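# Reading the structure
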Amino acid sequence: MGSRVTIADVAALAGVHKATVSRALNDATRGQVNVETLRRVQKAAKSLGYVPNVMARGLRTRLSMTVGVIIPDLTNPIFPPVIRGIENYLSPRGYTALLANTDSRDALERSAVNSLLERQVDGFLIATGVEDHPIIPALFERAIPAVMVNRDAGNVPYPLVSGNNAAGVTAAVAHLKELGHRRIIHLAGPSNFSTSRIRAESFVRACHEAHVQGTVIDVPSLSAEDGEKSVDALLAERQTFTAIQASNDLLALGALRSLRAHGLRCPQDVSVIGFNDMPFAEEFSPGLTTVHVPLQEIGTESARILLDSIESRTISSVAVMLPVSLIVRSSTGAPPSSS
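Because the structure is a prediction, the values reported are computed rather than measured. (Residues numbered from 1 in each chain as written. Predicted model: local features only at pLDDT ≥ 70, side-chain atom pairs only at ≥ 80, totals over all residues. Heavy atoms only, no water.)

Along the protein, the regular secondary structure elements total twelve helices and twelve strands. Overall, the protein is about 85 × 40 × 40 Å in size when its C-alpha atoms are taken along their principal axes. Taking all 339 residues of the protein together, the buried fraction comes to 50%. Residue pairs at least 24 apart in sequence account for 72% of intrachain contacts in the protein once pairs closer than 6 positions are excluded. Per element, the accessible surface of the protein, about 16,400 Å² overall, is 51% carbon and sulfur. Counting 32 positive and 32 negative side-chain charges, the protein places the centres of these two groups 8 Å from one another. (Helix = DSSP H or I, 4+ residues; strand = E, 2+ residues; numbered from the N terminus. Buried < 20%, exposed > 50% of the residue type's maximum accessible area, 1.4 Å probe, protein only. Contact = heavy atoms within 4.5 Å. Areas by Shrake-Rupley, 256 points an atom, 1.4 Å probe, with all protein chains shown as cover. Lys, Arg positive; Asp, Glu negative; His and termini not counted. Charge placed at Lys NZ, Arg CZ, Asp CG, Glu CD.)

Here's what the structure looks like:
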């Protein structure tokens, strides 16, 4: 096996000083190198198969070059794209993501955070998003860099990266009104999730402004099973509605299952709209109209803000709301005629 390629080897091939190679291959200082020299260094590094020595960099900067990523439920289809976005940003910069799946259990979250702290991670990307979470204030008091991913952390001023939930719900209600719907159900997720609370509040406001009747139904979890049970209960109570706007796509999937089980057609009898546009939403039967949230971009932007915080040694309370869009598929249509 050959010896490890070093910065000196790259510098010799590119015909530049080692310090120039170091600047050219570091994202933070790349702008200090002129374009032609940068290309020459990159070409030399690629031809030699140069791999940055992360351990040496960590010793110089006193960083572990690792980031803890806390996920509440890895089986939820929205999280793999988020994680892909995180890794796409971290990996080229020499960082490794250490993933912890907590099943939304406080004890597991506390254990995961403590374990990652013992491994001296440089910061956290946290997607649990339970407001007034007991762990988040403790991290902030210790000045540990963290970014909240998709869901807010209540009163703790950590940065947040999310989709524009209010705009998404407003677009969904406007679409249903345009189709002729006047009685709409909103399946809301747990109220201690910031996304669920904001989407429910936005639904109430959007219905009021659109002069349509909107009813919020609290659902214990953001699962297809609880979505199905909630719509089962609505139908058993003979509630009158022509459309369902769900707080996420899994709740919408549960609604579709319930409608089929009760012999109702979607969208001929009841229209359904989801939220997130999770992978395979277009493969539902019928294809799900939903609000597209840029999940991978949320992961990428979260990682970018965290690395900026780690390198600058500052914590900003910035909130980034990425734009969302309504994707109209086959699950929405005009309501059944009153006749």
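Now that the structure is up, let's keep going.
The next thing to look at is the pattern of salt bridges. In total, this model carries five salt bridges according to the counting rule given. Where Arg 329 meets Asp 277, a salt bridge forms, and the shortest distance between an N and an O atom there is 3.1 Å. In this pair, Arg 329 is assigned in the segment after β12 (325-327) and Asp 277 in the loop between β9 (271-276) and β10 (289-292), connecting sequence segments 52 residues apart. For Asp 277, a relative accessible area of 16% corresponds to the buried category. (Salt bridge = Lys/Arg side-chain N within 4 Å of Asp/Glu carboxyl O.)

Taking 1.5 Å of rise per residue, 13 residues should cover 18 Å, and helix α10 (residues 224-236) covers 18 Å from first to last C-alpha, within 8% of that figure. Within the sequence span of α10, burial applies to Ala 224, Asp 226, Gly 227, Ser 230, Val 231, Leu 234 and Leu 235. Of the surrounding secondary structure, the elements contacted by the buried residues of α10 are β6 (183-188), β7 (213-218), β8 (243-246) and α11 (249-261). Backbone geometry just downstream of α10 places Arg 238 in the positive-phi region, at approximately 55°. (Expected span 1.5 Å × (residues − 1).)

The next thing to look at is the packing of helix α5 (residues 79-90) against helix α12 (residues 295-312). Between α5 and α12, the least distance of the axes is 6 Å, while the angle of their chain directions is 40°. By the angle between their directions, the pair α5 and α12 is classed as oblique. Considering only the axes of α5 and α12, their crossing is right-handed. Counted together, Pro 81, Val 82, Arg 84, Gly 85, Ile 86, Asn 88, Tyr 89 and Leu 90 of α5 and Leu 295, Gln 296, Gly 299, Thr 300, Ala 303, Arg 304 and Leu 307 of α12 form the full contact between these two elements. Residues that form the contact of α5 with α12 fall into these classes: eight nonpolar, five polar and two charged. (Axes fitted to C-alpha atoms, helices over the stretch in contact; angles between N-to-C directions. Parallel < 35°, antiparallel > 145°, perpendicular 65-115°, else oblique. Left-handed = near helix turned anticlockwise from the far one by under 90°. Nonpolar A, V, L, I, M, F, W, Y, C, P; charged D, E, K, R; others polar.)

Over its 15 residues, helix α8 (residues 165-179) extends 22 Å from the first C-alpha to the last, a length consistent with the 21 Å expected when each residue adds 1.5 Å. Buried residues of α8: Asn 165, Gly 168, Val 169, Ala 172, Val 173, His 175 and Leu 176, and no others. Seen from one end, α8 has its buried residues packed into an arc of 155°, which puts them on one side. Downstream of α8 by one or two residues, Gly 180 has phi in the positive range, about 115°. (Arc of directions from axis to C-beta.)

The next thing to look at is the packing of aromatic side chains. Taken as a whole, this structure holds one aromatic pair when the rule is applied. Taken together, a centroid distance of 5.2 Å and an interplanar angle of 85° make the contact between Phe 140 and Tyr 158 edge-to-face. You can see Phe 140 sitting in helix α7 (residues 135-141) and its partner Tyr 158 sitting in the loop between β4 (146-149) and β5 (160-163), a full 18 residues away along the chain. Relative accessible area serves as the criterion here: at 3%, Tyr 158 is assigned to the buried category. The positively charged end of Arg 93 is found above the aromatic ring belonging to Tyr 89, 3.6 Å away from the centroid. In this structure, Arg 199 is placed above the aromatic ring of Phe 275, and the distance from its NZ or CZ to the ring centre is 3.8 Å. (Phe/Tyr/Trp six-rings, centres within 6.5 Å; stacked < 30°, edge-to-face > 60°. Lys NZ or Arg CZ within 6 Å of the ring centre and 35° of its normal.)

Taken together, the six strands give an open sheet; going across it, the order is β7-β6-β8-β9-β10-β12, and neighbouring strands pair in mixed fashion. Each edge of the open sheet is held by one strand with a lone partner, namely β7 and β12. Direction aside, the axes of adjacent strands within the sheet are offset by 20° on average. Sheet analysis places β6 next to β8, joined by four bridges and oriented parallel. Along β8, the bridge assignment pairs Ile 185 with Ile 244. Along the sheet, α8 makes contact with β6, β8, β9, β10 and β12, crossing β9 at roughly 165°. Lying over the sheet, α10 contacts β6, β7 and β8, oriented at roughly 145° with respect to β6. (Pairing = 2+ DSSP bridges.)

Using the criterion set out here, one finds two cavities of 30 Å³ or more in the structure. Computed from the structure, the largest cavity encloses a volume of approximately 70 Å³. Around the largest cavity sit Asn 76, Ile 78, Asn 150, Arg 151, Thr 195, Arg 199, Leu 222, Ser 247, Asn 248 and Asn 276, which together line it. The residue makeup of the lining of the largest cavity, split by class, is two nonpolar, six polar and two charged. (1 Å grid on protein atoms, 1.4 Å probe; cavity = no way out; pocket = protein on both sides within 12 Å on 5 of 7 lines; lining within 4 Å. Points joined across faces, edges and corners; volume = space filled by probe spheres on them.)

Our focus in this paragraph is the packing of α10 against α11. When two helices pack together, their arrangement is captured by the angle between the axes and the distance separating the axes. Interaxial distance between α10 and α11 falls to 7 Å at its minimum, and their mutual angle equals 45°. Our classification of the angle between α10 and α11 gives oblique. Handedness of the crossing formed by α10 with α11: right-handed. Together, Ala 224, Glu 225, Gly 227, Glu 228, Val 231, Asp 232 and Leu 235 of α10 and Leu 250, Leu 251, Leu 253, Gly 254, Ala 255, Arg 257, Ser 258 and Leu 259 of α11 make up the contact between the two elements. Taken together, the residues of the contact of α10 with α11 sort by class into eight nonpolar, three polar and four charged.

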